[in-house]
Amino acid sequence: MALPSKPKPQRPGRVVKEEPHRINDKIRGVEQVRLVGDNVEQGIYSYKEAMQIADELNLDLVEISAKADPPVCRVIDYQKFLYQIKKKEKEQKQKSAKVVVKEIRFGPQTDDHDYNFKLKHAQEFLKEGSKVKAYVFFKGRSIVYKEQGEQLLARFALDLDEYGKVEQLPKLEGKRMILFLAPKK
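Residues numbered from 1 in each chain as written. Predicted model: local features only at pLDDT ≥ 70, side-chain atom pairs only at ≥ 80, totals over all residues. Heavy atoms only, no water.

Asks: It is not clear to me how the environment of L181 should be interpreted in this structure. Could you clarify?
Replies: Position of L181 among the secondary structure elements: in strand β8 (residues 176-183). Its relative accessible area of 0% is what places L181 among the buried residues. Residue contacts for L181: discarding those within four places in its chain leaves L126, K131, V132, F156, A157, L160, K165, V166 and E167. (Helix = DSSP H or I, 4+ residues; strand = E, 2+ residues; numbered from the N terminus. Buried < 20%, exposed > 50% of the residue type's maximum accessible area, 1.4 Å probe, protein only. Contact = heavy atoms within 4.5 Å.)

Asks: I keep staring at unusual backbone geometry and nothing clicks. Help me out?
Replies: A negative phi angle characterises most non-glycine residues, just as the trans form characterises most peptide bonds. Residue N58 is not a glycine yet carries a positive backbone phi of 55 degrees. Along the polypeptide, N58 turns up in the loop between α1 (47-56) and β3 (60-65). What makes N58 exposed here is its relative accessible area of 70%.

Asks: Can you walk me through the environment of E63 in this structure?
Replies: Mapped onto the elements, E63 comes out in strand β3. With relative accessibility at 6%, the residue E63 sits in the buried group. The sequence separation of E63 and V33 amounts to 30 residues, and the corresponding C-alpha distance is 8.9 Å. Not counting residues up to four positions away in its chain, the partners in contact with E63 are H21, R22, I27, P71, V72 and C73.

Asks: Would you take a moment to explain the sheet that holds strand β1 (residues 32-36) for this structure?
Replies: By way of backbone hydrogen bonds, the strands of a sheet pair with one another, either parallel or antiparallel. A sheet is described by the order of its strands in space; here 4 strands give the open sequence β2-β1-β4-β3, paired in mixed fashion. Whereas interior strands pair on both sides, the edge strands pair on one side only; in this sheet they are β2 (43-46) and β3. If you compare each strand with its neighbour and ignore which way they point, the axes differ by 45 degrees on average. Here 3 bridges tie β1 to strand β4 (residues 72-76), and the two strands are oriented parallel to one another. Following the sheet pairing, L35 is matched in β4 by C73. (Pairing = 2+ DSSP bridges. Axes fitted to C-alpha atoms, helices over the stretch in contact; angles between N-to-C directions.)

Asks: Can you help me understand the pattern of salt bridges in this one?
Replies: Scanning all chains against the criterion turns up 4 salt bridges. Among the salt bridges present, the one from K131 reaches E167, with a minimum N-O distance of 3.1 Å. With K131 in strand β6 (residues 131-137) and E167 in strand β7 (residues 164-173), the pair connects residues that are 36 residues apart, well separated along the chain. (Salt bridge = Lys/Arg side-chain N within 4 Å of Asp/Glu carboxyl O.)

As structure tokens, then:
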């Protein structure tokens, strides 16, 4: 004789994922629904009629908009519906622009060779569409050379004028003087 199985205890901290839409018999407290979907005559039906239509087509009744009066329900295969939603979200995510910020660090007394080397890198970053965060880092007592740092960043912005535009002018934050450049379209 087999013992009745006990429901598995849930691990602490584990969240049970709730369905984002109410489907079929989980739609409660509704007398009438606005029915939409393929192979269905759109209109307002009683909840029972809508469930019968969905059963006849071997599909699910999915509540699309609960706040509408009457609530809008679609007759569709629920798994197909979830797949379509995920597909749309993925497309929207791909269309949204990803902003990449590249950093370039200077010292207050950076010589010309290092400056030109970093300038070429910044040009490449701006060409590929990334933003550039250039900053002068003042170590120890070098903070007394704030003017040199500001001149260096102004020169940097001027040299990159054809590749990008200044998004934020040089600004001192703690021991850093920061300049932001965004690529020109």
